[in-house]
Amino acid sequence: MHLATANLTEWGPQAEREFPSFARGRDIIFIQEHKQLQLGKLRRFLHRCGFRVFATEGYKGPEGGPCAGVAIAVRHHIQAVVLPDSEQTGKFPGHMVHVVIQLRGFDLLLVCLYLVAAIGVTGQNLDILQAAASLTFRSKLAAAWAGDFNNEPAQVQSCSLLHELRMQLIKPTSARDLHTCKQLSLIHISEPTRLRRIS
């Protein structure tokens, strides 16, 4: 299974041109900063590319322009469900979305995150990470978090929540992000010993 993370900076004509080749051979794509206030157009496009979409809208920022927005695109052949209690995801629209994919023998919780720039792992960012950790703890599933953490890897890795979850940092190996591939787009994955099925 091939997972990828893409920081779009904004969904638009350029992303639509680049996405089909970017998506080739990839099963799961974590998307950050799509900035869509309504998801219809994004969903329809990704559906045509062979994906189901689990997403939260962006929102209008302090200066009135659209910001944030996250999505997880899952190939149609992969079974995927949202956990019944989505309260943690709903607390941070535009910054967090999750889905559980059903693999051979176990289920994997996927969480896509978009953290705020220039505040470190404090304030709203810490709240978002705590919500993701709460969701992960309660699911009792193996988990992969990916996204634009807007912090240096060492800052994110120093967060005690990741140690408690025994999550391992994986930096993306490809520079083929749609617009940017920066070390701020990271993947954290928990130990494989936590593999199980949702009951």
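A brief structural summary. Just so it is clear, the model here is predicted, and its values are computed rather than measured.

This part covers the overall build of the chain. The secondary structure content of the chain amounts to six helices and 12 strands. Burial analysis of the chain (199 residues in total) assigns 52% to the buried set. Counted over contacts in the chain with a minimum sequence separation of 6, partners at least 24 positions apart contribute 66%.

If you look at the biggest cluster of nonpolar residues, it comprises 25 residues, and the most contacted ones within it are Met96, Leu109, Val111, Leu113, Leu129 and Trp145. Broken down by element, the residue count for this core peaks at six residues, all from helix α4 (residues 123-139). Beyond its immediate chain neighbours, meaning those up to four positions away, Leu129 contacts Leu113, Leu115, Val121, Trp145, Phe149, Cys159 and Leu161. Counting residues in each nonpolar core, the second largest holds 21 residues, with Ile78, Leu103, Leu110 and Tyr114 among its members.

Before going further, it helps to examine the packing of helix α1 (residues 13-23) against helix α2 (residues 40-48). Running from amino to carboxyl end, α1 crosses α2 at an angle of 30 degrees, the nearest separation of the two axes being 11 Å. Relative to α2, α1 is oriented roughly parallel. Crossing of α1 against α2: the hand is right-handed. Of the residues in α2, those in contact with Glu16, Phe19 and Pro20 of α1 are Lys41, Phe45 and Leu46. Among the residues forming the contact of α1 with α2, the class breakdown is four nonpolar, no polar and two charged.

Take the sheet that holds strand β3 (residues 51-56) next. A sheet is described by the order of its strands in space; here four strands give the open sequence β1-β2-β6-β3, paired in mixed fashion. Sheet topology places β1 (3-7) and β3 at the edges, where each strand pairs with a single neighbour. Along the sheet, successive strands turn relative to each other by an average axial angle of 15 degrees, direction set aside. Bridge count between strand β2 (residues 28-32) and strand β6 (residues 70-75): five bridges; the pairing is antiparallel. Its bridge partner being in β6, Phe30 is matched across the sheet by Ile72. Sitting on the sheet, α1 touches β1, β2, β3 and β6, and the angle it makes with β2 is about 150 degrees.

This part takes up α1. Regarding α1, the residues found buried are Ala15, Phe19, Phe22 and Ala23. Axial view of α1: buried residues confined to an arc of 75 degrees, hence all on one face. Away from its buried face, by an angle of more than 90 degrees, α1 presents the exposed residues Pro13 and Arg17. At its buried positions, α1 is contacted by β1, β2, α2, β3 and β6.

What follows concerns the packing of aromatic side chains. Tallying each qualifying case throughout the model produces five aromatic pairs. Taking 6.0 Å as the distance between ring centres and 65 degrees as the angle between the ring planes, the aromatic pair formed by Trp11 and Phe19 counts as edge-to-face. Linked through ring pairs, Trp11, Phe19, Phe22, Phe45 and Phe51 together constitute an aromatic cluster. Taking the ring centre of Phe22 as reference, the NZ or CZ of Arg26 above it sits at 4.3 Å.

Below, the discussion takes up the side chain of Glu33. With respect to the element layout, Glu33 can be found in the loop between β2 and α2. Look at Glu33: it is buried, it has no salt bridge, and the nearest opposite charge is Lys35 at 4.1 Å. At 3.4 Å, the side chain of Glu33 forms a polar contact with the side chain of Asn7. Apart from residues no more than four positions distant in its own chain, Glu33 is found in contact with Asn7, Leu8, Thr9, Glu10, Trp11, Ala68, Gly69, Tyr114 and Asp148.

Structurally, Asn125 can be placed in helix α4. Along the backbone, Asn125 and Tyr114 are 11 residues apart, and their C-alpha atoms lie at a distance of 8.8 Å. The residues contacting Asn125, other than those within four sequence positions of it, are Leu115, Val116, Ile119, Gly120 and Asn151.

Basis of the calculations
Residues numbered from 1 in each chain as written. Predicted model: local features only at pLDDT ≥ 70, side-chain atom pairs only at ≥ 80, totals over all residues. Heavy atoms only, no water. Helix = DSSP H or I, 4+ residues; strand = E, 2+ residues; numbered from the N terminus. Buried < 20%, exposed > 50% of the residue type's maximum accessible area, 1.4 Å probe, protein only. Contact = heavy atoms within 4.5 Å. Core = buried A, V, L, I, M, F, W, Y, C linked by side-chain atoms within 4.5 Å. Axes fitted to C-alpha atoms, helices over the stretch in contact; angles between N-to-C directions. Parallel < 35°, antiparallel > 145°, perpendicular 65-115°, else oblique. Left-handed = near helix turned anticlockwise from the far one by under 90°. Nonpolar A, V, L, I, M, F, W, Y, C, P; charged D, E, K, R; others polar. Pairing = 2+ DSSP bridges. Arc of directions from axis to C-beta. Phe/Tyr/Trp six-rings, centres within 6.5 Å; stacked < 30°, edge-to-face > 60°. Lys NZ or Arg CZ within 6 Å of the ring centre and 35° of its normal. Lys, Arg positive; Asp, Glu negative; His and termini not counted. Salt bridge = Lys/Arg side-chain N within 4 Å of Asp/Glu carboxyl O. Polar contact = N/O pair within 3.5 Å; in protein donor to acceptor, adjacent residues only side chain to side chain.

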